[in-house]
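A closer look at the structure
Next come the chains, spelled out residue by residue.
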Amino acid sequence: MTVTAHASDMAEPLSGGTGLAPSNDPLVPASQKTRSVMVYLSFVWLGLVLFSALFASLLPVGSYEVPIGRPRQMPQLGSLEMLLGTDQLGRSVLARVIYGARVSLLVGTVSGIAGFVIGTTFGMIGGYFGRKIDAVITVVTDALLAFPALILLLALSSILTPSLQTLMIGLTLIVVPTFVRLSRATTIAWNSREFIRAARNMGAGNTRIISRELLPNVLPPIATYLPIVIAALIVAEGSLSFLGLGIPPPTPSWGGMIASGKDVIANYPALVFIPAGVIFLTVFSLNQAGDFLRVRLDRTMQD
Amino acid sequence: MLRSSSSRVARSLLVILIVTFAVTAMLSLAPGSVAGVILGENATPDQVAALNEKLGLDQPILVQYWNWMLNALQGDLGNSAITGQSVTAAIIERIPVTLELAILAVSIALMIAIPLAIISATRPGSRTDRVINAFSSMFLSIPAFVAGPVLIYLFAVQFNLFPVNGWSRIEEDGLLLNLRSAFLPALAIALPEVASFHRLLRTDLITTLREDYIAAARAKGMTGSFVLLRHAFRPSSFSLVTLFGINLGRAIGGAVIVESLFSLPGLGQLVVTSISARDITMATGVVVFTAVVYVVINMLIDFSYGFLDPRVRKGSTS
């Protein structure tokens, strides 16, 4: 049984945002030419966002809190601070976009990786041991998946005071079930292969089989879902901030910028279009990167 | 079939039990107790204790949950601590708006996605296919809170084709005005779904078109479009149904955003306002209701496989 046979099992609901992954049937030709250009541009954009988020305090963009001029100025060339204009309070939009990238990337990556580690651990335990442990893990996963992601986040935000940490806890919680299901299905598929039986007959214990035989096979295909999951998490974080339930101001977030700009969209569309464009490009790039990794990985798994 | 479906029902019931317990337990931990919301900030601890006793909030969580469940099974989800409105009545009043949005969004998505997928699948890898794929990937990356304001700017502010916000009820303003007020919000939810429907259907159709029975149908001299629609499209509708259930969760999430943005009186708006106002009873009721509906719909979809696809009826679906 190959993993591809389980591709439909692996197409998991990520109801938060971007991603249902259609089964990667190797028969379907991927549109190669446009993909390579778009993937290239996507990596460039992601690099740019990552760079400016990491070195935000070193860049000559000033503070995101202190007004630098009259409010609601149009984007203008000249100084870097004014490149994207100013917001309602006269703060630099570029600075806010860059510091907002920090929040989005941090929240998305940390929760994505935490969810990946926790989810894959439980998924592999359930898939490998089966029986009661598996049943418990499956039911808890089902219960978590019973909530539309945003509703779960809203419910959590009512008991936890909004902050960076609580946001990350909530976002981790919504991606754990995705990784549990993915890794469980993959573990079950690999677990029935001959080399696992061979290892067991040679006297390998559970720990050895899981860590030396299963893990190297299970991790790579699951890890390729990370970019798509991070994209979904950035969308979820943006949705919460848009509703005013994300990270509290004055810390800038892309969703919050759209929310505050939407009331004056008729006269100052740039205040919405700039953060909207940045979110779109980031989510799009992450999705492209994820697709690219998955297609490549599937190729190598064919032979 | 019967045994698997009864175990499926049992599993769903178990999930519903866990979900309702988790939500009631979780929200009873919320800061700003129900009594505090009702009595205001200046209440003395004695008053709070008295009210807690009256509302049964001094009892252990399990007892509270048991009472809540007994009432919920009779259709009583309690009353809002702030407005005093019955939670059940508030939910029933708001269902039509959210339901209409979701149905409209999925219909728009399918109306765009199906023709695109058929065009893509007939010539996979062609220039048209690549262009459609590029657009489809773009749509996938437009969340509702991005699509909403942009659509408002383009269609409501610039061209004045649709209202900026607000909801026209069918009973009062007629179907046309109602659809006009629902169109932009539905479109905002629909965009990412166009992409996911298109991706799935395209892959599915391409795979099906390589099957032997398609070649046999062509060899019999059937026309291309007949083969495409009758032989290839029908088995693919099966996966569309699955995806529909998955996308529904996203549509509910999208509805939360869109209803707040366009100020539509739906369930999503109710969740947001009750949570911001710390109206715990209302929030519990709506969150539990959405989760239960979601579980039940996904269960029904699992059952529908058997009716749609005879191949599923016998085999074990591990």
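To start, this report covers the structure provided alongside it. These numbers come from a predicted model, not from an experiment.

About the cut-offs
Residues numbered from 1 in each chain as written. Chains lettered and ligands numbered in written order. Predicted model: local features only at pLDDT ≥ 70, side-chain atom pairs only at ≥ 80, totals over all residues. Heavy atoms only, no water. Contact = heavy atoms within 4.5 Å. Buried area = accessible area lost by both parts, 1.4 Å probe. Salt bridge = Lys/Arg side-chain N within 4 Å of Asp/Glu carboxyl O. Polar contact = N/O pair within 3.5 Å; in protein donor to acceptor, adjacent residues only side chain to side chain. Helix = DSSP H or I, 4+ residues; strand = E, 2+ residues; numbered from the N terminus. Core = buried A, V, L, I, M, F, W, Y, C linked by side-chain atoms within 4.5 Å. Buried < 20%, exposed > 50% of the residue type's maximum accessible area, 1.4 Å probe, protein only. Bend = angle between axes of the 7 residues up to and from the residue. Phe/Tyr/Trp six-rings, centres within 6.5 Å; stacked < 30°, edge-to-face > 60°.

Another point: the interface of chain B and chain A. Listed by partner, the interface residues are 53 residues for chain B and 52 residues for chain A. With both sides pooled, the region where chain B packs onto chain A buries about 4900 Å², and carbon together with sulfur makes up 78% of that total. Where chain B touches chain A, the interface holds two salt bridges. The salt bridge partner of B:Arg11 is A:Asp142, with a shortest N-O separation of 3.2 Å. Remark: the boundary between chain B and chain A carries three residue pairs in polar contact (both at pLDDT 80 or more). Of all elements in the fold, only α1 (2–28), α6 (127–140), α7 (144–158), α8 (170–209), α10 (224–261), α11 (267–276) and α12 (280–308) of chain B reach the threshold of two or more residues within the side of chain B that touches chain A. When residues in the side of chain B that touches chain A are grouped by element, the largest group, ten residues, is from α10(B).

Here we come to the nonpolar core. Core analysis: the biggest nonpolar cluster contains 153 residues, and A:Leu154, A:Ile174 and A:Trp254 have the highest contact counts within it. Element by element, the count of residues in this core is highest for α8(B), at 15 residues. In contact with A:Trp254, other than residues within four places in its own chain, are A:Val49, A:Val97, A:Gly100, A:Ala101, A:Ser104, A:Ile234, A:Pro275, A:Val278, A:Ile279 and A:Thr282.

Another point: the side chain of B:Ser12. Within the secondary structure, B:Ser12 is located in helix α1. If we ignore the near neighbours within four places in the chain, the residues touching B:Ser12 are B:Val295 and B:Met299.

A few words now on helix α8 (residues 206–223) of chain A. Within α8(A), the axis deviates most sharply at A:Leu214, by approximately 55 degrees, and proline A:Pro216 lies no more than four positions further along. The set of residues buried in α8(A) consists of A:Ile209, A:Ile210, A:Glu213, A:Leu214, A:Val218, A:Pro221 and A:Ile222.

All names here are of chain B. All told, the structure shown has ten aromatic pairs over all chains when counted by the stated rule. A ring pair is formed by Phe-21 and Tyr-65, whose centres lie 5.1 Å apart and whose planes are at 80 degrees; its orientation type is edge-to-face. Of the two residues, Phe-21 is situated in helix α1 and Tyr-65 in helix α4 (residues 61–73); the sequence distance between them amounts to 44 residues. Overall, the relative accessible area of 31% leaves Phe-21 in the partly exposed class. Between Tyr-65 and Trp-68, the aromatic rings sit 6.5 Å apart at their centres with planes inclined by 15 degrees, giving stacked as the arrangement. Residue Tyr-65 and its partner Trp-68 are located together in helix α4, separated by three residues, close to a single helical turn. Each member of the pair, Tyr-65 as well as Trp-68, is classed as buried. Aromatic ring contacts, followed pair by pair, group Phe-21, Tyr-65 and Trp-68 into a single cluster.

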